[in-house]
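Chain residues, written in single-letter form:
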Amino acid sequence: MATATGAMAATTWAPTPAAAAAFPGDLGPGRRWATVPGWRADGRRLRASPSARSRRPFVFSPRGVSDSRSSQTCLDPDASTSVLGIILGGGAGTRLYPLTKKRAKPAVPLGANYRLIDIPVSNSLNSNISKIYVLTQFNSASLNRHLSRAYGNNISGYKNEGFVEVLAAQQSPENPNWFQGTADAVRQYLWLFEEHNVMEFLILAGDHLYRMDYQKFIQAHRETDADITVAALPMDEQRATAFGLMKIDDEGRIVEFAEKPKGEKLKSMMVDTTILGLDHERAKELPYIASMGIYVFSKDVMLRLLKENFPAANDFGSEVIPGATEIGMRVQAYLYDGYWEDIGTIEAFYNANLGITKKPVPDFSFYDRSAPIYTQPRYLPPSKVLDADVTDSVIGEGCVIKHCTINHSVVGLRSCISEGAVIEDSLLMGADYYETEHDKKVLSETGGIPIGIGKNAHIRKAIIDKNARIGDNVKIINFDNVQEAVRETEGYFIKSGIVTVDLQQTAITNGLLPLQSMVPFHVAKSPSSTSTCKDIF
């Protein structure tokens, strides 16, 4: 029997070697920006005239990046001193509700041990980008807490000015509004970003799942002398209608944008993806390229666009970048040929999590030691599996699993699953804390239910949020294949046929919900625990 059990410990961030730069503008002992061809003494790139550009032989090498082991980059100056990472925390996350009821999208748990924000932060750190800002606005308490615990004290070192810092939306005398979009969020903090003596700004999203070496991305940006470089995902015709598409010329320069085109407009957006590095066979299968919402801006270009050219634009993807193309700036496409998922809906989130259980090769792997995914150190004990039947599943840290059956599921940290339970095609997010024996005794005496999955419970194709209390003999099964339902007062939703149980301080007990075509359970209040929380939300 093929199994995938055990407590895979999450990797925590350790200090990186100190950067070579001793002070701004210094490239190491005896070297200055002025000694690097194509750069001024103040670290700004020399801009060639249009005529000089046309005379110069064109060099283009943006190849697909799908595995960190193939990384070969020679960035000069080094990314740690010349690139500033800016991660956008996202909006209200209404399509991920109720998972975003009390947390920001990037703070949603992922893959048993992690959170979504760990992906772009880890990709940046693995790409030698150690200066990172995270812009937040909605429900940011748990995200801020996670970032401070995971990365707050472990990045800076001697002569290394690395950091992962949260920048919350704020009002000021100059701007009384909250963030109005991606571009507006960056604009409101330009005064801070422009203080950094860097060459490029790397703009990332906080709710995507992928592994990427940004150094190759930045190298392509520099080699093509681009003003802006946009990460592009190759697409087939069926998926292309759901994305913003780009059209390129024979040099990989973006010449046209189209948002979710259909019919003849879709056909007109076909491109030759061999220009960006795909082989001829795959280029025939994937004749479209979609924007991933990941960008590299030259610093001076970003300042000019947001302050002068488009001072009222709110969004990068629909306003600033198409506008930059129209005014003649060089906007290049860079092909990323690997797994990438925008975690924007319940269905996408569910599929991304269950995708890591696939065999023999998961959609996304947390086991690449050359590019690990970092997270908060929790110092939890190994998971205990007692006479359980576990197949094609991933088990997080600190779980206690007794005499139950788990198939094709992801079980989050601190999960407690009792005897006779059956978990199928489901995602359990686990718990923030353990209840003590005293807590459980009090609950038992008062008719309450402990955190976890009760005896003989049966859960199928569901997402169970943190700290849920599922009683004995409860069945959470969408028997009638209901696709959409909102039952917030009862503690659950159904989206795309997936049951999402949102229960922070309530419990599911025995019984049937008195509505047809719904999930058979009802919700009852239970005493709140007095235990200390460890990983809130």
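Residues numbered from 1 in each chain as written. Predicted model: local features only at pLDDT ≥ 70, side-chain atom pairs only at ≥ 80, totals over all residues. Heavy atoms only, no water.

Identification of the protein as Glucose-1-phosphate adenylyltransferase from Paspalum notatum var. saurae is taken from an unreviewed UniProt entry. One UniProt comment on the protein, placed under Catalytic activity (unreviewed entry), says "alpha-D-glucose 1-phosphate + ATP + H(+) = ADP-alpha-D-glucose + diphosphate". (UniProt positions renumbered as here; feature names shortened; annotations may be inferred.)

Asker: Give a description of the packing of aromatic side chains that names residues and reports values.
Answerer: For the coordinates displayed, the defined rule picks out 16 aromatic pairs. Measuring from ring centre to ring centre gives 6.2 Å for tyrosine 210 and tyrosine 336, while their planes differ by 80 degrees; the resulting arrangement is edge-to-face. Taken as a pair, tyrosine 210 in strand 8 (residues 208-210) and tyrosine 336 in the loop between strand 13 (331-335) and strand 14 (340-342) lie far apart in primary sequence, 126 residues in all. Assigned by exposure class, tyrosine 210 and tyrosine 336 land together as buried. Between phenylalanine 297 and phenylalanine 316 the ring centres are 5.2 Å apart and the planes differ by 45 degrees, which places this aromatic pair in the tilted class. Of this pair, phenylalanine 297 sits in strand 12 (residues 288-298) while phenylalanine 316 sits in helix 12 (residues 316-326), and the two are 19 residues apart along the sequence. Of the residues examined, phenylalanine 297 reaches a relative accessible area of 0% and is grouped as buried. An aromatic cluster is built from Tyr133, Phe163, Tyr189, Trp191, Phe193 and Phe201, whose rings are joined through pairwise contacts. (Phe/Tyr/Trp six-rings, centres within 6.5 Å; stacked < 30°, edge-to-face > 60°. Helix = DSSP H or I, 4+ residues; strand = E, 2+ residues; numbered from the N terminus. Buried < 20%, exposed > 50% of the residue type's maximum accessible area, 1.4 Å probe, protein only.)

Asker: Tell me about the sheet that holds strand 30 (residues 484-487), and name the residues and values.
Answerer: If you walk across this open sheet you meet the 7 strands as 18-21-24-27-32-31-30, and the pairing is mixed. Bordering the open sheet on either side are strand 18 (394-395) and strand 30, each of which pairs with just one other strand. Across 2 bridges, the pairing between strand 24 (residues 427-428) and strand 27 (residues 462-464) is parallel. Looking at strand 27, one finds that leucine 427 is bridged to isoleucine 463. (Pairing = 2+ DSSP bridges.)

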